[in-house]
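# Examination of the molecular architecture
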Amino acid sequence: MPHLQVSTLFRRLPREHPLFSEIESEFLKQSAGHYGENTVYHFLHYLPSDYLILKDLHLFDGHNHFQIDFLVISKNFLLIIEVKNFKGELIFDFDNSQLLRRLAETLEVFPDPFLQVEHQKIQLAQWLALYDFGNIPIYSFIAIANPNTKIETLGNQPCKKERLVRAKGLVSAVYNLSARFSKKFYSTNEMTQLSERLMAENTPYHVSLLKKYNLSIKDLTPGVLCKGCSCFTMERRRDHWCCKACGVKSKKAHLEALRDYQILFGSVVTSAEIKSFTGIHSDYHAKTILIENSAKIIGKTKDRKYVLKPLF
Ligand SMILES: [Zn+2]
């Protein structure tokens, strides 16, 4: 969801807007994170079905919220996987608990991911106690998603070094780990119960990016996107859309604009709002499109509100 919001905002924000470069760098940062998580998921998928894999969990430990990129549930242990997707060279400085990244002659310092997962482990243990899931061992890996990242370590800490795993090596690392734990903590049924409970308690943050950056609908590029020339140049004709720049025709081009609207502003919309966002002039066309894509209509004539059905 945050990635969808930032990619939509990035697409709709004019290049000359004062916040464009800030949104662009946020978009690039999130895209890298998103790409990293997809890569890891791709490989974790090769684990057999006696492991359950949960992605991007946002939980509350009774005091604070915490987030876990991946959680692997097995009968014998739980495994937290924190994903790092960086370009360049990563230097894990074990002695000083820091992560350094060298890229094009610059050296940047990042928080130590090992400290990060240690804290996630404490929070997860607290969460498990809160929901009566017992004292199962919790283990953690740092997964390096980009196969071209050069990894270096400073300090002699084999226990940490073996927890630094490349995405492609994750499945065998999980098998190696399994071989070490023989005590069974959960039955298959309990594993399912835990996974269902985690999903039920998973509460992704709903930070509105527009609020965060203090942007309104007026800051965005209005219109309906043309797939042919990637400009917001589609014009509504009687029963279809036609691009005034390249002539491409489409029956459903407005769906993407409605989706953009829903991602950025939520599901409740008026006909006037959708007219200004899509550039539709006719009341009739706006109403037809809204009725087709709404789950519910609230109110009468003038201040009627449409509740869009889920479009993404
Ligand atoms: Zn076009």
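Our subject is the structure listed above.
The following paragraphs examine the structure supplied in this document. Keep in mind that this is a model prediction, so the values were computed, not measured.

### A few points about the pattern of salt bridges
For the structure shown, the criterion picks out 16 salt bridges. Arg11 is paired through a salt bridge with Glu256; the nearest N and O atoms lie 3.8 Å apart. Taken as a pair, Arg11 in helix α1 (residues 2-12) and Glu256 in helix α8 (residues 254-265) lie far apart in primary sequence, 245 residues in all. Look at Glu256 and you get partly exposed, because its relative accessible area is 23%. Across the salt bridge formed by Arg163 and Glu118, the nearest N and O atoms sit 3.1 Å from each other. Of this pair, Arg163 sits in the loop between α4 (158-161) and β9 (164-166) while Glu118 sits in helix α3 (residues 113-130), and the two are 45 residues apart along the sequence. For Arg163, a relative accessible area of 12% corresponds to the buried category. On the basis of relative accessible area, Glu118 is assigned to the partly exposed category, the value being 31%. When salt bridges that share partners are traced, they join Arg11, Arg12, Lys227, Glu256 and Asp260 into one network.

### Quick look at the environment of Asn293
For Asn293, the location among the structural elements is in the loop between α10 (283-292) and β14 (294-298). Judged by its relative accessible area of 6%, Asn293 falls in the buried class. Remark: the alpha-carbon pair of Asn293 and Leu308, spanning 15 residues in sequence, is separated by 5.8 Å. In contact with Asn293, other than residues within four places in its own chain, are His254, Leu255, Leu258, Leu308, Lys309 and Leu311. Only 2.9 Å separates the side chain of Asn293 from the backbone oxygen of Ile289, close enough to count as a polar contact.

### Description of the coordination of the zinc ion
As a benchmark, a tetrahedral metal site with four donors has ideal angles of 109.5 degrees, while an octahedral site with six donors has ideal angles of 90 or 180 degrees. Protein ligation of the zinc ion involves Cys226 (SG), Cys229 (SG), Cys243 (SG) and Cys246 (SG), the donor distances falling in the range 2.3 Å. Geometry at the zinc ion is tetrahedral, judged from the four donor atoms that bind it and their angles of 103 to 119° at the metal. Mapped onto the sequence, the residues coordinating the zinc ion show the spacing C-x2-C-x13-C-x2-C. Residue Cys229 is located in the loop between α7 (209-212) and β10 (234-236), and its partner Cys243 is located in strand β11 (residues 241-243); the two are separated by 14 residues in the primary sequence. Under the relative-accessibility criterion, Cys229 is labelled partly exposed at 26%. Judged by its relative accessible area of 3%, Cys243 falls in the buried class.

### Quick notes on the side chain of Thr149
Its location among the elements puts Thr149 in the loop between β7 (138-144) and β8 (150-154). In this structure the side chain of Thr149 is engaged in a polar contact, spanning 2.7 Å, whose partner is the backbone oxygen of Phe86.

### A look at helix α5 (residues 170-180)
Every buried residue belonging to α5 is among Leu170, Val171, Ala173, Val174, Leu177 and Ser178, and all of these are buried. On an axial view of α5, the arc spanned by its buried residues comes to 160°, and they lie on one face. Opposite its buried face, α5 presents the exposed residues Asn176, Ala179 and Arg180, each directed more than 90 degrees away. Those residues of α5 hidden inside the fold are in contact with α2 (20-44), β3 (78-84), β7 and β9.

### Looking at the sheet that holds strand β1 (residues 52-60)
The strand order across the open sheet built from five strands is β1-β2-β3-β7-β9, with neighbouring strands paired in mixed fashion. Each having just a single partner strand, β1 and β9 make up the two edges of the open sheet. On average, each strand axis in the sheet is inclined to that of its neighbour by 40°, with strand direction left out of account. Relative to strand β2 (residues 65-73), β1 runs antiparallel, the two being bridged by eight bridges. Of the residues in β2, the one forming a bridge with Leu59 is Phe66.

### Considerations on unusual backbone geometry
The phi dihedral of Asp132 is positive, around 60°, even though this residue is not glycine. Looking at the secondary structure, you find Asp132 in the loop between α3 and β7. Here Ser230, not a glycine, exhibits a phi torsion of approximately 55°, which is positive. Residue position: Ser230 is located in the loop between α7 and β10. Note on Ser230: relative accessible area 56%, which makes it exposed.

Each value, and the rule that gives it
- Residues numbered from 1 in each chain as written.
- Predicted model: local features only at pLDDT ≥ 70, side-chain atom pairs only at ≥ 80, totals over all residues.
- Heavy atoms only, no water.
- Salt bridge = Lys/Arg side-chain N within 4 Å of Asp/Glu carboxyl O.
- Helix = DSSP H or I, 4+ residues; strand = E, 2+ residues; numbered from the N terminus.
- Buried < 20%, exposed > 50% of the residue type's maximum accessible area, 1.4 Å probe, protein only.
- Contact = heavy atoms within 4.5 Å.
- Polar contact = N/O pair within 3.5 Å; in protein donor to acceptor, adjacent residues only side chain to side chain.
- Donors = N, O, S within 2.8 Å, 3.2 Å for Na, K, Ca; no water.
- Tetrahedral: all angles 85-135°; square planar, octahedral: opposite > 155°, others 65-115°.
- Arc of directions from axis to C-beta.
- Pairing = 2+ DSSP bridges.
- Axes fitted to C-alpha atoms, helices over the stretch in contact; angles between N-to-C directions.

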